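Architecture and fold: a report
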Amino acid sequence: MEDGSCVLENMMLAAHALGLGTVWVHREREIFDGKKGKALLREWGLPETLRGVGAIALGYPAREPGRPAARKQDYIVRI
């Protein structure tokens, strides 16, 4: 689960660096745990024990994102 999440996050960061927008879609576990999902895994020659982690939708944003909110004062404490 953790490895798959890291892969998706890295894909999202790489897409952002190329000027692309992404959205994490969190339905794959539900999909591949069902009968139709298991059938797809068999069709693709993959073990039915695989678990879905997520997917990303990828595209060009319709507009530029706004600026992030300012950090809270003293939010980070250095010791």
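Residues numbered from 1 in each chain as written. Predicted model: local features only at pLDDT ≥ 70, side-chain atom pairs only at ≥ 80, totals over all residues. Heavy atoms only, no water.

**Focus on the overall build of the protein chain**
For the protein chain, the helix and strand inventory stands at 3 helices and 2 strands. For the protein chain, the N- to C-terminal ordering of α and β elements is α-β-α-α-β. Across its three principal axes, the protein chain shows a C-alpha extent of roughly 50 × 40 × 20 Å. Here the protein chain holds 79 residues, and 14% of them are scored as buried. Of the contacts formed within the protein chain by residues at least 6 apart in sequence, a portion of 65% connects residues at least 24 apart. Taken as a whole, the protein chain presents about 7100 Å² of accessible surface, with 58% of it coming from carbon and sulfur. A distance of 5 Å separates the average location of the 12 positive side-chain charges in the protein chain from that of its 10 negative side-chain charges. (Helix = DSSP H or I, 4+ residues; strand = E, 2+ residues; numbered from the N terminus. Buried < 20%, exposed > 50% of the residue type's maximum accessible area, 1.4 Å probe, protein only. Contact = heavy atoms within 4.5 Å. Areas by Shrake-Rupley, 256 points an atom, 1.4 Å probe, with all protein chains shown as cover. Lys, Arg positive; Asp, Glu negative; His and termini not counted. Charge placed at Lys NZ, Arg CZ, Asp CG, Glu CD.)

**So, the environment of T49**
Here T49 is to be found in the loop between α3 (35–43) and β2 (55–59). Along the primary structure T49 and K38 are separated by 11 residues, whereas in three dimensions their C-alpha atoms are 8.7 Å apart.

**What about the environment of T22?**
Within the fold, T22 resides in strand β1 (residues 21–25). Assessed through its relative accessible area of 23%, T22 is described here as partly exposed. Each C-alpha atom, one on T22 and one on V77, is 32 Å from the other, the two residues being 55 residues apart in sequence. Those residues in contact with T22 that lie beyond four places of it in its chain are M12, A15, I56, A57 and L58.

**Quick notes on α3**
Among all positions of α3, only G37, K38 and L41 are buried. Buried residues of α3 fall within an arc of 100° about the axis and therefore sit on the same side. Turned more than 90 degrees from where α3 packs its buried face, K35, K36 and E43 sit exposed. Of the surrounding elements, those touching the buried residues of α3 are α2 (28–33). Downstream of α3 by one or two residues, G45 has phi in the positive range, about 75°. (Arc of directions from axis to C-beta.)

**Side note on a nonpolar patch on the surface**
Among the surface-exposed residues, W44, L46 and L50 lie close enough to one another that they form a single nonpolar patch of about 290 Å² accessible area. Looking at the element boundaries, L46 is found in the loop between α3 and β2. (Patch = residues over 30% accessible without salt bridge, like charges linked within 9 Å, V, L, I, M, F, W, Y side chains within 5 Å. Salt bridge = Lys/Arg side-chain N within 4 Å of Asp/Glu carboxyl O.)

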